[in-house]
Amino acid sequence: MTQPIFMVGARGAGKTTVGSALAKALGYKFVDTDLTLLRTSGLSVADIVEREGWEGFRRRETETLKAICAPFTVIATGGGVVLAQENRDFMRDAGTVIYLRSPASTLANRLEDAPLEDQRPTLTGKPITEEMMEVLNEREALYQQAAHHVVDGTLDPAGVVNAILDALALPVAR
């Protein structure tokens, strides 16, 4: 398999952690859309949202997603990338999409343990558990629609990587 592998899921799902480990296991390159967007724009997510609104951020996110798509690459996407039908279609057509599925309580605990306020502005202004429940209610069907494979994101990173390798039936790089 040479197509890119796209990691989707809500904030705190482990897309960057698992994606990086998966890329290493496969001998692929790893790219994070949010980090790439921040590096190329010189702005944080919060700065972009403040200046251009979520619409401006989502536009930049789509441009970044398309720009970094390449063979032999694992791509960690932003949690809201699935909001645009264009992005869901692009990822499904260009590669394989893995949804790291976790309950809102798991996501909230991870975000509370490692907050990145400048990178992850609150979407609703509500407590994080309540926000994650709302986000999942809004996006669950979209993550499912985008995904070729749904993996249990509550496992430790190595367990998630193994589950993805099993789902893809891919050998580990030697």
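For clarity, every value in this text was computed on a predicted model and none was experimentally measured.

What follows covers the overall build of the chain. Helix and strand counts for the chain stand at seven helices and five strands. Written out in order from the N terminus, the α and β elements of the chain read β-α-β-α-α-β-α-β-α-α-β-α. Across the 174 residues of the chain, 47% fall into the buried class. Taking all contacts inside the chain whose residues are at least 6 apart in sequence as the whole, residues at least 24 apart take part in 74%.

Mapping Leu-22 onto the fold places it in helix H1 (residues 15-26). For the pair formed by Leu-22 and Thr-73, sequence separation is 51 residues and the distance between their alpha carbons is 9.9 Å. Other than its neighbours up to four places away in sequence, Leu-22 contacts Ile-5, Met-7, Val-74, Val-161, Ile-164 and Leu-165.

Core analysis: the largest hydrophobic core is formed by 40 residues, its most contacted members being Ile-5, Met-7, Leu-22, Leu-100 and Ile-164. Listing elements by their share of this core, those giving two or more residues are strand S1 (5-8), H1, helix H3 (45-68), strand S3 (73-76), strand S4 (96-101), helix H5 (104-113), helix H6 (128-146) and helix H7 (157-168). The residues touching Ile-164, leaving out its near neighbours within four places in the chain, are Met-7, Val-18, Leu-22, Ile-98, Leu-100 and Val-151. Val-45, Ile-48, Val-49 and Phe-57 belong to the second largest nonpolar core, which has seven residues in total.

Before going further, it helps to examine the UniProt feature "binding site: substrate" (unreviewed entry) in the chain. If you check UniProt for "binding site: substrate" (unreviewed entry), the listed places come out as Asp-34, Arg-58, Gly-79 and Arg-139 in our numbering. Summarising the element assignment, Gly-79 is placed in the loop between S3 and helix H4 (85-94). In contact with Gly-79, other than residues within four places in its own chain, are Gly-9, Ala-10, Arg-11, Lys-15, Arg-139 and Tyr-143. Given the relative accessible area of 4%, Arg-139 is considered buried.

Right, let's get into the pattern of salt bridges. For side chains bearing opposite charge, pairing can occur when the charged atoms are close. The full count for this structure, using the stated rule, is six salt bridges. The salt bridge involving Arg-60 is made with Glu-52; its shortest N-O contact spans 2.6 Å. Across the pair Arg-58 and Glu-61 runs a salt bridge, and its minimum N-O distance is 3.0 Å. Here the residue Arg-58 and the residue Glu-61 both occupy positions in helix H3, the gap between them amounting to three residues, near one helical turn. Per residue, the accessibility class of Arg-58 equals that of Glu-61, and both read buried.

Here we come to the sheet that holds strand S2 (residues 29-32). The parallel open sheet is built from five strands, whose spatial order is S2-S3-S1-S4-S5. The open sheet has two edge strands, S2 and strand S5 (149-152), and neither has a second partner. Shown here is a sheet whose adjacent strand axes are inclined to one another by a mean of 25°, direction ignored. Here S1 runs beside S4; their pairing, made up of four bridges, is parallel. In the sheet register, Val-8 faces S4, and the bridge partner there is Tyr-99. Across the sheet, H4 is in contact with S1 and S4; its angle to S1 comes to roughly 140°.

Moving on, we get to the packing of aromatic side chains. Within the structure shown, the criterion is met by four aromatic pairs. Aromatic pair Phe-6 and Phe-90: ring centres 6.4 Å apart, planes at 70°, arrangement edge-to-face. With a gap of 84 residues between them, Phe-6 in strand S1 and Phe-90 in helix H4 connect regions that are remote in the sequence. A residue is classified by how much of its surface remains accessible, and Phe-6, at 0% relative accessible area, is buried. With centroids separated by 5.6 Å and ring planes inclined at 85°, the aromatic side chains of Tyr-28 and Phe-72 adopt a geometry described as edge-to-face. Of this pair, Tyr-28 sits in the loop between H1 and S2 while Phe-72 is found in the loop between H3 and S3, placing the two residues 44 residues apart along the sequence. When its relative accessible area of 13% is taken as the criterion, Tyr-28 is described as buried.

Calculation rules
- Residues numbered from 1 in each chain as written.
- Predicted model: local features only at pLDDT ≥ 70, side-chain atom pairs only at ≥ 80, totals over all residues.
- Heavy atoms only, no water.
- Helix = DSSP H or I, 4+ residues; strand = E, 2+ residues; numbered from the N terminus.
- Buried < 20%, exposed > 50% of the residue type's maximum accessible area, 1.4 Å probe, protein only.
- Contact = heavy atoms within 4.5 Å.
- Core = buried A, V, L, I, M, F, W, Y, C linked by side-chain atoms within 4.5 Å.
- UniProt positions renumbered as here; feature names shortened; annotations may be inferred.
- Salt bridge = Lys/Arg side-chain N within 4 Å of Asp/Glu carboxyl O.
- Pairing = 2+ DSSP bridges.
- Axes fitted to C-alpha atoms, helices over the stretch in contact; angles between N-to-C directions.
- Phe/Tyr/Trp six-rings, centres within 6.5 Å; stacked < 30°, edge-to-face > 60°.

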